[in-house]
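# Residue-level structural notes
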Amino acid sequence: MTVLLQDLRSAFRAIPRNPGFSAVAVLTLALGIGATAAIFTVLNAVVLSPLPYPQPERMVRLENRVPGVDTERNWGLSPAGYFHFQENSRGLESVAVYTTPEVSLTGDGPAERVQMARVSANLFSVLRVRPALGRLITPEDNQVGSDATSVNPGPAVPVAVLSHDLWVRRYGSDPKIVGKSIEVSGLTVPVVGVLEAGADLPDPGVNVDIWFPLGLNPSAPATNWHTFQAIGRLEDGVSPAALEDELARFTSRFTELYPSAYSEDFMEETGFTPVVIPLRDAVVGDVSGTLWMLLAAVLLVLLIACANVANLFLVRTEGRRREMALRAAMGATRGRLARQFLSEGLVLGLVGGAGGLLLAYVGVDALVAGAPEGLPRMEGIGIGGDVIAFVLILSVLVGLAVGSFPLLRFSASTGSAAIRNEGRGATAGRERNITRNLLVVSQVAMAVVLLASAGLLLRSFQQLRSVEPGFDPSNILTMELALPFVSYRGYEEVSAFYQELTRRVEGLPGVVSAGVSDDMPLVSSGACATLTVDEPPASDAAAPGCITTNMAAPGFFETLRIPVQGELPTWNDVNQRSGGVVVSRALAERLWPGEDPIGKGIRGNGAGEPYYRVVGVAGDVRANGLDHPPIEVVHFPLIPLEGAGLWGAPNGATLVVRTANDRPEALAGAIRALVTDLDAEVPIANIRTMESIVAESVARTSFAMTLLAVAAAAALILGAVGLYGVLSFVVGQRQKEMGIRIALGARVEQVASMVVTHALVLATVGVGVGIVAALAVTRVLQSLLFEVSATDPITLIAVSVTLLVVALGAAYLPARRATRVDPMIALRAE
């Protein structure tokens with residue numbers, strides 16, 4: 001230990017004695033370690049850290065697969081499914097359900113659109129959360145009135161539990177809030193409790209402000225209505241797979257237990273089966289793969305940085321050969337010299353790690369600021385003890401790896417030979433450059449992998465941005481509205497408000513048109529319903545399945561500039577309940593192939609007369625994402641036909657406004673004033689332009705692409721620096737040889753060609769190895785790519801050419817230096 005401490009002190013003292021070498025080595029390692037630490041911090045918080053609930057490994061999400069209807073989204077639980085699983089499952093300790101509507105909060109301040117969670121009482125026991133004040137929702141709060149027949153009625157006596165954040169933000173941490181009443185969507189509700197700080201649902205992007213009892217009616221008729229989100233706790237020793245098998249057995253009996261809701265045809269056509277997902281997997285989703293990919297990318301950058309520093313160490317070792325040889329000749333063992341090299345590497349690694357940790361603090365802030373919305377668990381991202389421990393371990397490993405390279409170049413048994421041969425010969429043996437050359441080749445190969453990955457994402461992003469979404473997002477402002485349910489109970493009241501609002505908005509200077517919709521492209525997930533038509537589809541046409549439904553006010557299509565063939569519904573049509581609907585072209589072509597869909601009948605609830613009549617066919621819209629195909633959708637009117645009711649009035653909807661100028665956000669204040677003048681109890685939220693919504697829809701791909709591009713650029717720079725360093729050293733080694741060649745008649749162009757050829761050989765070998773590696777590695781990117789192959793030849797060729805050009809640039813200065821060798825000086829020295 002005494003010797004080790006002496007070596008460490010000696011290594012620390014060596015840093016200021018070699019300022020150039022130390023600065024470059026420390027900075028290079030700091031950049032590599034800092035980038036790795038920043039990505040690891042995000043990965044650790046989002047993926048590796050357990051959920052903030054007791055025994056999170058026992059928590060699962062319960063959903064239903066419906067591959068015959070929707071291959072991309074699962075359905076939630078129905079009321080019948082919830083009650084059946086709760087009462088009969090032996091694998092579940094408990095299961096709770098909830099929905100998350102947005103509501104308006106008034107009184108004690110301006111109207112505010114807030115997130116509500118309507119929950120079964122046992123949700124709090126599943127999450128293991130406690131109240132900070134008062135009590136939580138009880139099973140009695142979930143009960144419905146004796147005359148309730150709806151599958152999702154309101155509670156008999158509504159009560160509210162506030163989130164800790166809302167209690168602090170809106171009510172000033174009032175300790176007497178329990179017992180007071182608040183106004184929620186026009187309904188006066190007593191507050192019975194406040195949750196402890198940090199208590200929330202695990203759903204990404206959902207921050208619940210008010211918790212409300214979900215009216216549960218076990219005696220209601222079973223319906224095929226799957227809007228409940230469900231979280232369960234497993235019994236001890238039960239795995240998610242075992243529970244899934246048990247629930248599948250239960251579900252297979254649904255046709256017998258609930259024949260009116262789950263017919264044999266429905267079960268067969270949809271492929272309806274339960275699925276049990278560990279809650280952490282459900283929360284993290286596909287983000288996990290992206291973050292692991294980014295960590296692998298920065299680890300490659302770190303390896304390239306280590307290769308650069310290792311090359312610096314080898315160069316420095318060459319300059320210390322006589323010193324090491326003398327020490328070996330005087331009795332220093334190979335172990336003693338090895339400890340010195342490893343100590344020097346360890347010190348550089350630790351100092352570089354300290355600098356990397358400082359850079360990571362800055363990098364994490366930049367990552368959080370630039371991360372796309374919806375990235376789960378962002379609130380938990382920060383550098384803590386686990387990240388510091390990771391950086392410490394990484395710094396030690398990097399330092400030891402870098403310090404071990406000189407051992408490949410020196411042996412204590414060669415001490416006397418090194419002394420005898422010192423200064424002899426004009427050139428160095430070829431074996432002395434093998435290690436450095438291999439390091440450069442590996443650097444180039446790793447740079448190829450990173451550049452290819454970034455290039456593929458860039459090509460994919462370009463493809464995405466060139467996709468036509470089916471609407472014109474320019475000069476459009478959107479804002480979400482929440483009409484209080486008590487004040488706007490029916491379709492007529494809601495429709496009248498939107499009609500008057502759009503009329504006033506269109507009267508503002510600079511406004512071209514305005515409309516309202518309860519389902520916006522690239523924003524809403526889109527509710528769906530099983531539709532029936534008055535004329536069954538042709539035998540070779542697929543069944544309608546669950547089709548996206550939307551309630552759109554007049555002006556919606558004109559504002560988004562969605563082309564419509566046929567008629568556009570007017571406010572007069574809406575108020576007279578004409579029953580005209582607009583269907584997407586994709587749906588029309590599937591339901592009525594080769595026919596004119598205008599005048600066809602379609603219905604969203606039940607079958608038989610009256611049917612809504614198709615009055616227009618809208619152009620296809622990529623509403624689920626630019627990388628998704630256009631959706632099939634039916635746009636229903638705000639007021640339904642008599643006898644063909646829809647799913648309730650759209651109290652929550654989005655106002656869309658097209659302006660004549662390219663700064664639509666400038667009208668936000670004037671529109672807010674109009675809404676307040678119409679009804680001060682109607683809150684406005686999420687004011688943003690349609691162009692920003694389109695940008696957010698590709699934000700995850702853009703985020704991954706940007707980070708990979710930064711990593712690739714760093715790899716390219718480090719690779720060029722490494723190649724330049726090797727060539728410079730080779731020129732210095734062979735300076736005497738080059739002088740003799742020139743003295744014997746060689747042209748300077750031939751000498752320069754030697755250096756350039758050496759650079760191109762190393763770069764070509766590295767590119768070849770890198771292309772082979774890239775062909776294997778880039779396949780993991782396929783899920784992030786859009787209309788681009790993971791083996792895209794254009795990208796691979798561009799990367800190869802780029803690296804060869806960079807290699808030529810790195811060779812320029814060493815080649816120029818080689819041509820300026822004075823042959824007379826070389827001859828005298830020889």
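Just so it is clear, the model here is predicted, and its values are computed rather than measured.

### Considerations on the pairing of strand β11 (residues 229–234)
Buried residues dominate β11, accounting for 5 of its 6 residues. Bridge count for strand β1 (residues 59–66) against β11 is 4 bridges, and the pairing is antiparallel. Its bridge partner lying in β11, Val60 is registered against Gly232. Pairing geometry for strand β3 (residues 92–99) and β11, over 6 bridges, is antiparallel. Bridging across to β11, Tyr98 finds its partner in Gln229.

### A closer look at the packing of aromatic side chains
Counting across every chain of the model gives 16 aromatic pairs. Summarising the aromatic geometry, the rings of Tyr82 and Phe83 are spaced 5.1 Å apart at their centres and angled 50 degrees between planes, so their arrangement reads as tilted. We note that Tyr82, like Phe83, is buried. Here Phe497 and Tyr498 contribute two aromatic rings whose centre-to-centre distance is 5.9 Å and whose plane-to-plane angle is 70 degrees, an arrangement assigned as edge-to-face. Judged by its relative accessible area of 5%, Phe497 falls in the buried class. Among the aromatic residues, those joined into a cluster by ring pairs are Trp75, Phe85, Phe250, Phe254, Tyr258, Tyr262, Phe266 and Phe272.

### Quick word on the side chain of Thr778
Along the polypeptide, Thr778 turns up in the loop between α25 (748–777) and α26 (793–819). Within the structure, Thr778 has its side chain in polar contact with the backbone oxygen of Ala774 (distance 2.6 Å). There is a polar contact of 2.9 Å between the side chain of Thr778 and the backbone oxygen of Ala790. If we skip the residues at most four places from it in the chain, Thr778 touches Ala452, Ser453, Leu456 and Ala790.

### Brief notes about the sheet that holds strand β24 (residues 684–689)
Strand order in the open sheet made by the 4 strands is β14-β23-β13-β24, with antiparallel pairing throughout. Edge strands, defined here as strands with exactly one partner in the open sheet, are β14 (511–517) and β24. The mean inter-strand angle of the sheet, taken between neighbouring strand axes irrespective of direction, is 15 degrees. Across 6 bridges, the pairing between β14 and strand β23 (residues 652–659) is antiparallel. The residue bridging Gly515 from the neighbouring strand is Val656, located in β23. Its contacts with the sheet put helix α21 (residues 668–678) on β13 (476–482), β23 and β24, and the angle it makes with β13 is roughly 30 degrees. Of the strands in this sheet, β13 and β24 touch helix α22 (residues 690–697), which is tilted by about 85 degrees from β24.

### Brief notes about the confidence of the model for the protein
Summarising the model, the protein shows a mean pLDDT of 83, and 87% of its residues fall at 70 or more. Every residue in residues 412–420 is under pLDDT 50, and counting partners more than four places away or in other chains gives 12 contacts.

### Notes on unusual backbone geometry
For Asn475, which is not glycine, the phi dihedral falls at a positive 60 degrees. Looking at the secondary structure, you find Asn475 in the loop between α16 (431–465) and β13. The phi torsion at Arg577 lies on the positive side, around 55 degrees, for a residue other than glycine. Residue placement: Arg577 occurs in the loop between α19 (571–575) and β19 (580–584). Take Arg577: its relative accessible area is 23%, and that puts it in the partly exposed class.

### Thoughts on the environment of Ser104
Here Ser104 is to be found in strand β4 (residues 102–106). The class of Ser104 is buried, set by a relative accessible area of 0%. For the pair Ser104 and Phe485, spaced 381 residues apart in sequence, the C-alpha to C-alpha distance is 8.9 Å. Each residue touching Ser104, except ones within four places of it in the same chain, is listed here: Glu112, Glu183, Val184, Ser185, Ala482, Pro484, Glu681 and Pro683.

### Here we look at the pattern of salt bridges
Taken as a whole, this structure holds 26 salt bridges when the rule is applied. For the salt bridge of Arg169 with Asp209, the shortest nitrogen-to-oxygen distance reads 3.2 Å. Of the two residues, Arg169 sits in helix α6 (residues 164–171) while Asp209 sits in the loop between β9 (187–195) and β10 (210–213), which places them 40 residues apart along the sequence. The class of Arg169 is partly exposed, set by a relative accessible area of 41%. Several salt bridges share partner residues, and in doing so they unite Glu112, Asp165, Arg169, Arg170 and Asp209 into one network.

### A closer look at helix α3 (residues 79–88)
Burial of α3 is extensive: 7 of the 10 residues sit out of reach of the surface. Among all positions of α3, only Pro79, Ala80, Gly81, Tyr82, Phe83, His84 and Phe85 are buried. Buried residues in α3 make contact with β3, α7 (240–251) and α8 (254–257).

### With respect to the packing of α3 against α7
Running from N to C, α3 and α7 point in directions that differ by 120 degrees, and their axes come no closer than 11 Å. One way to sum up the angle between α3 and α7 is to call them oblique. Our pair here, α3 against α7, has a crossing hand that is right-handed. Contact with α3, carried on its side by His84, Phe85 and Asn88, involves Glu246, Leu247, Phe250 and Thr251 of α7 and no other residues of that element. Split by residue class, the contact of α3 with α7 holds 3 nonpolar, 3 polar and 1 charged.

### Points about α6
Along α6, the positions that sit buried rather than exposed are Leu166, Trp167, Arg170 and Tyr171. All buried residues of α6 lie within an arc of 100 degrees about the axis, which places them on one face of the element. Backbone geometry just downstream of α6 places Gly172 in the positive-phi region, at approximately 55 degrees.

### Quick word on the packing of α25 against α26
The geometry of α25 relative to α26 is characterised by a closest axis approach of 8 Å and an angle of 155 degrees between their N-to-C directions. If you check the angle between α25 and α26, you find them roughly antiparallel. α25 and α26 meet at a crossing whose hand is right-handed. Across the contact of α25 with α26, the residue classes break down as 21 nonpolar, 3 polar and no charged.

Reading the values: the criteria
- Residues numbered from 1 in each chain as written.
- Predicted model: local features only at pLDDT ≥ 70, side-chain atom pairs only at ≥ 80, totals over all residues.
- Heavy atoms only, no water.
- Buried < 20%, exposed > 50% of the residue type's maximum accessible area, 1.4 Å probe, protein only.
- Helix = DSSP H or I, 4+ residues; strand = E, 2+ residues; numbered from the N terminus.
- Pairing = 2+ DSSP bridges.
- Phe/Tyr/Trp six-rings, centres within 6.5 Å; stacked < 30°, edge-to-face > 60°.
- Polar contact = N/O pair within 3.5 Å; in protein donor to acceptor, adjacent residues only side chain to side chain.
- Contact = heavy atoms within 4.5 Å.
- Axes fitted to C-alpha atoms, helices over the stretch in contact; angles between N-to-C directions.
- pLDDT = per-residue confidence, 0-100.
- Salt bridge = Lys/Arg side-chain N within 4 Å of Asp/Glu carboxyl O.
- Parallel < 35°, antiparallel > 145°, perpendicular 65-115°, else oblique.
- Left-handed = near helix turned anticlockwise from the far one by under 90°.
- Nonpolar A, V, L, I, M, F, W, Y, C, P; charged D, E, K, R; others polar.
- Arc of directions from axis to C-beta.

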